[in-house]
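Here's the letter readout for the chains.
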Amino acid sequence: MILHKFKNQSDLDRAAADLIISMVRSKPNAILGMATGGTPVGLYKEIVKTYQAGLVSFAHAKTFNLDEYVGLPVTHKESYRNFMQTNLFDHIDIQAGNTHVPDGNAADVDAECRLYDKMMFEQGPVDLQLLGIGGNGHIGFNEPDEHLSRGTYKVTLKQETREANKRFFNHIDEVPTHAVTMGMGTIMQARAILLVVKGAEKAEILDRTLNGPITTQLPASLLQTHPRVIVMTDCDVNYKVSF
Ligand code: PGA
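Residues numbered from 1 in each chain as written. Predicted model: local features only at pLDDT ≥ 70, side-chain atom pairs only at ≥ 80, totals over all residues. Heavy atoms only, no water.

Caption draft 1: Quick peek at the packing of aromatic side chains. Within the structure shown, the criterion is met by 6 aromatic pairs. When the centroid spacing of 5.9 Å and the interplanar angle of 40 degrees are considered together, the rings of Y69 and F141 count as tilted. Within this pair, whereas Y69 is found in strand β4 (residues 67-69), its partner F141 is found in the loop between β6 (128-131) and β7 (153-156), the two being separated by 72 residues in sequence. On the basis of relative accessibility, which here comes to 2%, the residue Y69 falls in the buried class. Ring geometry for Y69 and F169: centres 5.9 Å apart, planes at 75 degrees, overall edge-to-face. Of this pair, Y69 sits in strand β4 while F169 sits in the loop between α5 (159-165) and β8 (178-181), placing them 100 residues apart in sequence. Chaining the aromatic ring pairs together yields one cluster made of Y69, Y80, F141 and F169. (Phe/Tyr/Trp six-rings, centres within 6.5 Å; stacked < 30°, edge-to-face > 60°. Helix = DSSP H or I, 4+ residues; strand = E, 2+ residues; numbered from the N terminus. Buried < 20%, exposed > 50% of the residue type's maximum accessible area, 1.4 Å probe, protein only.)

If you want it as structure tokens, here you go:
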């Protein structure tokens with residue numbers, strides 16, 4: 001892993017956006033793995049600014065999002081499809097048909113998961129996967145557990161995850177109980193991974209992700225086994241290389 005530390009979140013957003021932009025400039029038909037939540041909002045703004053300045057085009061790029069809530073209409077302001085439209089896709093020249101977010105309202109969710117993996121297998125691998133991290137160490141919505149899933153699957157969200165995300169809703173009861181998420185195997189197939197971690201409250205989980213034991217109880221720790229992970233953070237942490 002490579003760790004880049006930033007003095008503030010705006011420098012971090014710009015650097016993360018620049019990495020994604022340089023990927024698309026060097027490979028216009030790049031496949032990007034996208035993330036939602038509070039973490040990527042600022043970097044998506046930077047990407048939009050660069051697009052509006054005429055300095056990058058997404059006309060040939062494709063995207064696959066990590067996850068989607070189960071049971072929220074796509075028009076709901078907190079659906080991850082809506083998040084992607086309002087924060088990024090509506091403001092750049094990506095073709096609608098080239099953007100993919102799992103369908104959390106599919107009549108047959110298991111079939112939807114298999115279809116998502118099939119599309120990613122046939123069109124992939126993802127060139128650059130953007131990740132945030134949950135306070136409990138989840139990536140995508142792969143929650144800490146005794147076992148993790150290889151492929152895309154329907155997950156029961158942990159109470160701490162629903163609590164963390166209730167800030168986006170009026171009430172905890174409105175936060176969905178389930179989501180569809182890329183599995184760990186799907187995420188780990190990306191050629192390169194950009195993990196963005198913001199805020200002092202994430203310093204401890206980031207330290208354990210970088211330096212702690214690799215365990216399914218901290219799904220992000222599996223990133224230690226991936227050959228190309230770039231971590232960008234404003235947290236005060238160090239990567240203690242042990243050789
Ligand atoms: P956040 O969520 O960006 O809203 O902190 C990250 C995550 O849960 O993966």
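Caption draft 2: Fine view of the layout of surface pockets. Roughly 540 Å³ of volume is contained in the largest pocket. Together, 28 residues line the largest pocket, and G37, T39, I133, G134 and K202 are the ones closest to its centre. Broken down by element, the residue count for the lining of the largest pocket peaks at 4 residues, all from α5. Residue composition of the lining of the largest pocket, grouped by class: 8 nonpolar, 14 polar and 6 charged. Around the second largest pocket sit 14 residues that line it, and D117, M120, F121, T186 and Q189 are the ones nearest its centre. (1 Å grid on protein atoms, 1.4 Å probe; cavity = no way out; pocket = protein on both sides within 12 Å on 5 of 7 lines; lining within 4 Å. Points joined across faces, edges and corners; volume = space filled by probe spheres on them. Nonpolar A, V, L, I, M, F, W, Y, C, P; charged D, E, K, R; others polar.)

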